[in-house]
Amino acid sequence: MPRSVPLVHRAPLVPTALLLAGALALTACDGGVHGTPGGSGLRDRDPYFPKSGNGGYDVTHYDLDLAYDPDTSRLSGTATLTARATQNLSALNLDLDGLDVEKVTVGGDPARWNRTGRELTVRPHDDLDEGRVFRVSVAYSGTPKTVTDPDGSEEGWLPTDDGAVALGEPTGSAAWFPGNHHPSDKASYDLTITVPEGLKAVSNGELTASRTSGGRTASHWHTAEPMASYLATLAIGDYDIHRTATPDGLPVYTAVDPAQAAASRKVLAQIPAVMAWSEDTFGAYPFSSTGAIVDRQGDAEYALETQNRPYFPGAPDTETLVHELAHQWFGDSVTPKTWRDMWLNEGFATYAEWLWAEDHGGDSAQKTFDELYRHGDDVYADLWSFPPGKPSGAAHLSDSPVYQRGAMVLHQIRRQLGDTAFRALLRDWPTTHRHGNADTEDFTSYVEDLAPDKDFGPIWEQWLYGDGKPERSA
Ligand code: TRP
Ligand code: ZN
């Protein structure tokens, strides 16, 4: 039977006053249901980055068609977003940091737009009704900027000796494409990137086509699984490319700066072993390919868990490889609802390093925990400076209370649950929220439901939310 459900959803119960307002609006504009602007930023829903992301719509897909030339540092192209209106919209905001906007269309029709700071406000010719799926397309160009984070590190668009790399945690992706740049809105991606012949261009997902003509090479990268925009990457330059597969047949794609090739060979050869251990420990891998991007030292100062293939500034050690691949489950597949929930990424990725050591003849996680508890503040002076569940500000999201103390929270949970139940948690939590978003309260109630007879209150109070160094016996 054909579906007779109307494609456009309208609220069934509308107060008379609003109906009258709607009727008046109908005479003023030709758009049908009267919409309101979608809002800029998530505001108090994410106090760490209140202006990131936007209200009123959900992006389902990004189609980026870009060209970059390292000689001119110029990026140009079109971003086409497919989105669903979550309210009646008269206008919607995208986040875009720098660059020149040339043209905006909604549903193929030219739309008015204006810019203030990182906000690009788009006014479609007709209002967009709640539930409507629409396309917004932005043609733009310019020299993308490098962004300095509140914590002082650099992200956004980073020019390198041989090209450039795009890194987006927490807000840098707005420096190279317009979007709904908040981790709560994940989408699939298609990226076509055109660069001068001879250079490589590597991104997330899988390379589905590559064509050279007229001295330029266009590569098409497809990311089928939902991705938060802070995990999107684009690395342009001179890379040695290796394509292999794990014994299970998962494609492994590595791109290595030739200057790092010798130093990376051994550690990158461990990718299949780290993937096998990670799947054993965290459950089925959530994505359709894996790998790594290894750049020249100094191009960035940190590694990042860019989806499918993490980025490393120089050859990583095994711990860092384990950390970034663990993020594929914790961060990339199960993504924080807000930046406050960062410890769910970094605590798990750090605990993955502890467990890797424990499972490979190194220190037990208990020993790592004990040493941190006793002498941690010799190494990490700020270890007890704030609780993981409530970072003291946007400048501190990459500090040791989020990483090391975050891992210590997980170890306390392990001791309370016992090893078998904790190992089950490590597989079930990412399975439960696979390709979704979760926050700290989702996690604590999930843990409580695992063992209703146990009291996790002291762990939450002291280790997760408490100020200062907790009492040992949580
Ligand atoms: N997530 C990265 C990692 O640990 C580190 C990082 C890079 C980061 N940029 C950040 C952490 C911004 C917090 C905020 O693998
Ligand atoms: Zn990390």
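The preceding data block contains the structure.
Residues numbered from 1 in each chain as written. Chains lettered and ligands numbered in written order. Predicted model: local features only at pLDDT ≥ 70, side-chain atom pairs only at ≥ 80, totals over all residues. Heavy atoms only, no water.

A few words now on the site of ligand 1. Near ligand 1 lie 13 residues; those nearest to it are Glu169, Glu305, Glu324, Glu346 and Tyr403. Between an oxygen atom of ligand 1 and a side-chain N or O atom of Glu324, the distance comes to 2.6 Å. Between an oxygen atom of ligand 1 and a side-chain N or O atom of Tyr403, the distance comes to 2.7 Å. Out of a free accessible area of 370 Å², ligand 1 has 93% covered by protein chains. Looking at the shell around ligand 1 residue by residue, the classes come out as six nonpolar, three polar and four charged. (Near = heavy atom within 4 Å. Polar contact = N/O pair within 3.5 Å; in protein donor to acceptor, adjacent residues only side chain to side chain. Areas by Shrake-Rupley, 256 points an atom, 1.4 Å probe, with all protein chains shown as cover. Nonpolar A, V, L, I, M, F, W, Y, C, P; charged D, E, K, R; others polar.)

Here the focus is the pairing of strand 8 (residues 119–123). Most of strand 8 sits out of view: four of its five residues are buried. In the sheet, strand 4 (residues 89–95) pairs with strand 8 via four bridges, with the strands oriented antiparallel. The residue bridging Asp95 from the neighbouring strand is Glu119, located in strand 8. For strand 7 (residues 112–116) and strand 8, the ladder comprises five bridges, and the chain directions are antiparallel. Within strand 8, the residue paired with Arg112 across the bridge is Arg123. (Buried < 20%, exposed > 50% of the residue type's maximum accessible area, 1.4 Å probe, protein only. Helix = DSSP H or I, 4+ residues; strand = E, 2+ residues; numbered from the N terminus. Pairing = 2+ DSSP bridges.)

Here we take up the coordination of the zinc ion (ligand 2). A metal bound by six donors in octahedral fashion has ideal angles of 90 or 180 degrees, whereas one bound by four tetrahedral donors has an ideal angle of 109.5 degrees. Distances from the zinc ion (ligand 2) to its protein donors, His323 (NE2), His327 (NE2) and Glu346 (OE), fall within 1.9 to 2.0 Å. Each donor residue of the zinc ion (ligand 2) lies on one chain, and together they are spaced H-x3-H-x18-E. Taken individually, His323 and His327 each receive the classification buried, so the pair is uniform in this respect. (Donors = N, O, S within 2.8 Å, 3.2 Å for Na, K, Ca; no water.)

In this section: the environment of Pro458. Locating Pro458 in the fold gives a position in helix 10 (residues 457–464). Using a relative accessible area of 25% as the deciding quantity, one classes Pro458 as partly exposed. Remark: the alpha-carbon pair of Pro458 and Pro470, spanning twelve residues in sequence, is separated by 9.7 Å.

Before going further, it helps to spend a moment on the sheet that holds strand 18 (residues 240–245). Taken in spatial order, the four strands of this open sheet run 18-19-20-21, and their pairing is mixed. In this open sheet, the two strands that pair with only one neighbour each are strand 18 and strand 21 (311–313). Here the average twist between neighbouring strands, direction ignored, is 15°. Helix 2 (residues 261–268) rests against strand 18, strand 19 (251–256) and strand 20 (290–295) of the sheet, and its axis sits at about 160° to strand 19. (Axes fitted to C-alpha atoms, helices over the stretch in contact; angles between N-to-C directions. Contact = heavy atoms within 4.5 Å.)

Okay, the pattern of salt bridges next. Counted under the stated rule, the structure contains 15 salt bridges. Two residues, Glu358 and Arg414, come together in a salt bridge whose shortest N-O distance is 2.7 Å. Taken together, the residues Glu358 in helix 5 (residues 343–359) and Arg414 in helix 7 (residues 400–417) connect sequence positions 56 residues apart. A relative accessible area of 22% places Glu358 in the partly exposed class. Given the relative accessible area of 8%, Arg414 is considered buried. The shortest N-O distance in the salt bridge between Asp419 and Arg414 comes to 2.9 Å. (Salt bridge = Lys/Arg side-chain N within 4 Å of Asp/Glu carboxyl O.)

Moving on, we come to the packing of aromatic side chains. For the structure shown, the criterion picks out 28 aromatic pairs. For the ring pair Trp157 and Trp176, a centre distance of 6.2 Å and an interplane angle of 55° mean the geometry is tilted. Of this pair, Trp157 sits in strand 11 (residues 154–160) while Trp176 sits in the loop between strand 12 (163–167) and strand 13 (187–196), and the two are 19 residues apart along the sequence. Across the pair, exposure class does not vary: Trp157 and Trp176 are buried alike. Each ring, one from Trp343 and one from Phe443, has its centre 5.7 Å from the other, and the planes form 75°; the classification is edge-to-face. Placement of the pair is Trp343 in helix 5 and Phe443 in helix 9 (residues 440–450), with a sequence separation of 100 residues. (Phe/Tyr/Trp six-rings, centres within 6.5 Å; stacked < 30°, edge-to-face > 60°.)

Attention now moves to the packing of helix 3 (residues 271–282) against helix 5. Contact pair helix 3 / helix 5: the axes reach a minimum separation of 12 Å and the direction vectors enclose 105°. The orientation of helix 3 with respect to helix 5, classified from their angle, is roughly perpendicular. For the pair helix 3 and helix 5, contact is made by Ala273, Val274, Trp277, Thr281 and Phe282 and by Ala352, Leu355, Trp356 and Asp359, respectively. A per-class count over the contact of helix 3 with helix 5 returns seven nonpolar, one polar and one charged. (Parallel < 35°, antiparallel > 145°, perpendicular 65-115°, else oblique.)

Let's shift gears to the pairing of strand 11. Counted residue by residue, strand 11 has five buried out of seven residues, so it is predominantly covered. The loop that links strand 10 (residues 146–148) with its antiparallel partner strand 11 comprises five residues; one of these, Gly152, has a positive phi angle of about 95°. Note that strand 11 and strand 12 share five bridges and pair antiparallel. Looking at strand 12, one finds that Gly156 is bridged to Leu167. The hairpin formed by strand 11 and strand 12 contains two residues between the paired strands.

Remember that the coordinates give geometry; whether it matters functionally is a separate question.
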